[in-house]
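Below are the chains, spelled out letter by letter.
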Amino acid sequence: MNNARPIGVYIHVPFCGAKCPYCDFYSLPGSAATMDAYVSKVCETIEASPNVPADTLYFGGGTPSLLGVDRLARCIAAAKRRFLLQGAEITVEANPNAPPAFFRDLAQTGTNRVSLGMQSIHPAELQALGRRHTAAQVREAIRLLREGGITNLSLDLMLAIPHQTKDSLRESIAFCAEENIPHISAYLLKIEPGTEFFCHKDALAPLLPSDDETADRYLFAVEELAKHGYLQYEISNFCREGQISRHNCKYWQGEEYLGIGPSAHSYLAGKRFYFPQNLRSFLDGTVPVDDGEGGSREEFAMLALRLCTGLTQTLWQERFGEPLPAVYLQRAKKFAASGLVRWSPEGFSFTPKGFLVSNALLAEILG
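Residues numbered from 1 in each chain as written. Predicted model: local features only at pLDDT ≥ 70, side-chain atom pairs only at ≥ 80, totals over all residues. Heavy atoms only, no water.

S.K.: Looking at this model, I keep getting lost on the overall build of the protein chain. Mind explaining?
M.R.: Of regular secondary structure, the protein chain possesses 16 helices and 15 strands. If you line up the protein chain on its principal axes, its C-alpha atoms span 60 × 50 × 40 Å. Evaluated residue by residue, the protein chain yields a buried proportion of 53% over its 367 residues. Taking the contacts inside the protein chain whose residues are at least 6 apart along the sequence as the reference set, 67% of them involve residues at least 24 apart. Surface summary for the protein chain: the accessible area is close to 16200 Å², and the carbon and sulfur share equals 52%. The positive charge centre, built from 35 side chains, and the negative charge centre, built from 40, are 2 Å apart in the protein chain. (Helix = DSSP H or I, 4+ residues; strand = E, 2+ residues; numbered from the N terminus. Buried < 20%, exposed > 50% of the residue type's maximum accessible area, 1.4 Å probe, protein only. Contact = heavy atoms within 4.5 Å. Areas by Shrake-Rupley, 256 points an atom, 1.4 Å probe, with all protein chains shown as cover. Lys, Arg positive; Asp, Glu negative; His and termini not counted. Charge placed at Lys NZ, Arg CZ, Asp CG, Glu CD.)

S.K.: Explanation requested: unusual backbone geometry in the structure shown.
M.R.: Trans peptide bonds make up the majority, and among non-glycine residues the majority have a negative phi. The step from Gly61 to Gly62 runs through a cis peptide bond, and the omega angle for that step is 20°. Within the secondary structure, Gly62 is located in the loop between strand S2 (54-61) and helix H2 (68-82). With a phi close to 75°, His163 is a non-glycine residue in the positive phi region. Inspection of the secondary structure puts His163 in the loop between strand S5 (152-159) and helix H6 (166-178). The exposure class of His163 is partly exposed, given its relative accessible area of 44%.

S.K.: What is the right way to look at the pattern of salt bridges in this model?
M.R.: Side chains that differ in sign of charge can pair as their charged atoms come close. Applying the stated rule across the entire model yields 19 salt bridges. Across the pair Arg5 and Glu255 runs a salt bridge, and its minimum N-O distance is 3.0 Å. Placement of Arg5 in the segment before strand S1 (7-13) and of Glu255 in the loop between helix H10 (246-252) and strand S9 (257-260) is noted, with a sequence separation of 250 residues between them. The exposure class assigned to Glu255 is buried, which follows from its relative accessible area of 8%. Lys250 is the salt-bridge partner of Glu255, the closest N and O atoms lying 3.2 Å from each other. Here Glu255 and Lys250 have matching classes, each one buried. Ionic contacts of the salt-bridge type, sharing partners, join the residues Arg5, Asp55, Lys250 and Glu255 into one network. (Salt bridge = Lys/Arg side-chain N within 4 Å of Asp/Glu carboxyl O.)

S.K.: Would you mind going over the nonpolar core with me for this structure?
M.R.: The tendency in soluble globular proteins is for nonpolar side chains to be buried as a group. Ranked by size, the top nonpolar core spans 93 residues in total, and within it Tyr38, Leu311 and Phe348 carry the most contacts. When residues no more than four places from it in sequence are discounted, the contact partners of Leu311 are Phe300, Ala301, Ala304, Leu305, Trp316, Leu324, Tyr328, Glu346, Gly347 and Phe348. (Core = buried A, V, L, I, M, F, W, Y, C linked by side-chain atoms within 4.5 Å.)

S.K.: Explain the packing of aromatic side chains here, please?
M.R.: Enumeration according to the criterion identifies 14 aromatic pairs in this entry. Ring geometry for Phe15 against Tyr38: centres 5.3 Å apart, planes inclined by 90°, an arrangement best described as edge-to-face. Taken together, the residues span a long stretch of sequence, with Phe15 in the loop between S1 and helix H1 (32-47) and Tyr38 in helix H1 at a distance of 23 residues. Tyr38 shares its class with Phe15; the two are buried. Note that Lys201 overlies the ring of Phe198, its terminal NZ or CZ placed 4.2 Å from the centroid. Above the face of the Tyr230 ring, Arg240 is positioned so that its terminal group lies 4.3 Å from the ring centre. (Phe/Tyr/Trp six-rings, centres within 6.5 Å; stacked < 30°, edge-to-face > 60°. Lys NZ or Arg CZ within 6 Å of the ring centre and 35° of its normal.)

S.K.: Before we go on, may I ask you to explain the packing of helix H14 (residues 326-333) against helix H16 (residues 358-366) in this structure?
M.R.: Relative placement of two packed helices is described by the angle separating their axes and the distance separating the axes. Direction vectors running N to C along H14 and H16 enclose 135°, while the axes themselves pass 8 Å from each other. It follows from the interaxial angle that H14 and H16 lie oblique. Taken as a pair, H14 and H16 cross one another with a handedness that is right-handed. Across from Tyr328, Arg331 and Ala332 in H14, the residues of H16 making contact are Glu364, Ile365 and Leu366. (Axes fitted to C-alpha atoms, helices over the stretch in contact; angles between N-to-C directions. Parallel < 35°, antiparallel > 145°, perpendicular 65-115°, else oblique. Left-handed = near helix turned anticlockwise from the far one by under 90°.)

S.K.: Which parts of the structure should I look at to understand the state of the cysteines?
M.R.: Covalently bonding the sulfur atom of one cysteine to the sulfur atom of another cysteine gives a disulfide. Inspection of the entire model under this criterion finds 0 disulfides. The thiol of Cys199 is unpaired, and the distance to the nearest cysteine sulfur, on Cys23, comes to 14 Å. Left without a disulfide partner, Cys239 is nearest to the cysteine sulfur of Cys249, which lies 8.3 Å away. (Disulfide = S-S within 2.5 Å.)

S.K.: Please explain the sheet that holds strand S13 (residues 311-312) as it appears in this structure.
M.R.: Pairing between the strands of a sheet comes from backbone hydrogen bonds, and it takes one of two forms, parallel or antiparallel. As summarised here, the arrangement of the 3 strands in space is S13-S15-S14, forming an open sheet in which the pairing is antiparallel. The open sheet is flanked by S13 and strand S14 (341-344), the only strands paired with a single partner. Where S14 and strand S15 (residues 347-350) come together, 4 bridges link them in antiparallel fashion. The partner of Ser344 across the bridge, within S15, is Gly347. (Pairing = 2+ DSSP bridges.)

S.K.: How should the packing of H1 against H2 be read in this particular structure?
M.R.: Relative orientation of the contacting elements H1 and H2 amounts to 5°, with a least axis distance of 9 Å. Taken together, the axes of H1 and H2 are roughly parallel relative to one another. Counting all contacts with H1, which are made through Ala32, Met35, Asp36, Val39, Ser40, Val42, Cys43, Ile46 and Glu47, the residues of H2 involved are Arg71, Arg74, Cys75, Ala78, Ala79, Arg81 and Arg82. Of the residues contributing to the contact of H1 with H2, the split by class is 9 nonpolar, 1 polar and 6 charged. (Nonpolar A, V, L, I, M, F, W, Y, C, P; charged D, E, K, R; others polar.)

S.K.: Got a minute to help me understand H1 in this structure?
M.R.: Because the α-helix completes a turn every 3.6 residues, residues three or four places apart line up on one side. Relative to the 22 Å expected for 16 residues at 1.5 Å per residue, H1 spans 23 Å between its end C-alpha atoms, a close match to the ideal helical length. Regarding H1, the residues found buried are Met35, Tyr38, Val39, Lys41, Val42, Cys43, Thr45 and Ile46. Looking at the packing, one finds that the buried side of H1 touches S1, H2, S9 and helix H11 (279-283). (Expected span 1.5 Å × (residues − 1).)

S.K.: I would appreciate a short explanation of the side chain of His122 in the present structure.
M.R.: Within the fold, His122 resides in the loop between strand S4 (113-119) and helix H4 (123-128). Residue class for His122 comes out buried when judged on its relative accessible area of 17%. In contact with His122, not counting residues within four places along its chain, are Ser168, Glu171 and Ser172.

Fair warning: the whole summary comes from geometry, so function is off the table for now.
See below:
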């Protein structure tokens, strides 16, 4: 296994009550019987998986909270039997309008971290995003989770969305701080092909900020989050000290992970593979599709540069047993004067301004 480190396990829950107009993740409605069949297949897949140690388990989607406590408990119990180490980080994504009993009882499943899809606290912004919860429901979900014993919480926050202003964004960030949330994922809205927003992008355009305004909104969020003690550690992720997402860091640090469920991807033993975006084929036992080799130097560099720690001599030496390529350092240095890159002879990383043009920087630096 890669560096003999514990892997992460990702379980994709493909069920949603309704499709949000901006979402391009694989999801569909699901009956109780379909969810039961899905959970049985997940447990069966876990039991047939390589018996390797894992120290993170992440339920994403879709809407994992739709499974309910009992189904999640079955999956977590199977994962614990197969590969989860004691002290593993176990994260469940949830909508804030899940039943109160779900939040109160979730800790009993072994879950110890929850990511709530807040997005905003403002009704007009939430309505534009197709979200059906309120700020009051977010607050109540937080209270119930803590009452049940889960304090490691993350809130999703969307940037550059319809009707959002700097003042409304400031208020959403202040809400997170007032609730003493340890982790925030703050994403710029992207209009993805195949989504409802994409189909109506011309009508939506007047409600969205310009490219310059979008960049300004991102930099404003970084600054405002820092005022409340949320330090940026990745392009879209911020946390109080020591509260990073251990699971997601595995992706960015080039570590290995196993994905289970339709559309879930894996990287194990230097190989990449994935389950097709088809629930029926997953339930029928279709094997994952080979996706080629993984772990190249260029891939590792691209992932590492998503993190604020960036690429360093020490990191590269530990990974590949050789110095960081001099050509990377040379190419990166020319972007330091414009404030896009932090640079020293020991390594470099992107600044918040650099993250806004990261694709162009990667092309220039990695060649």
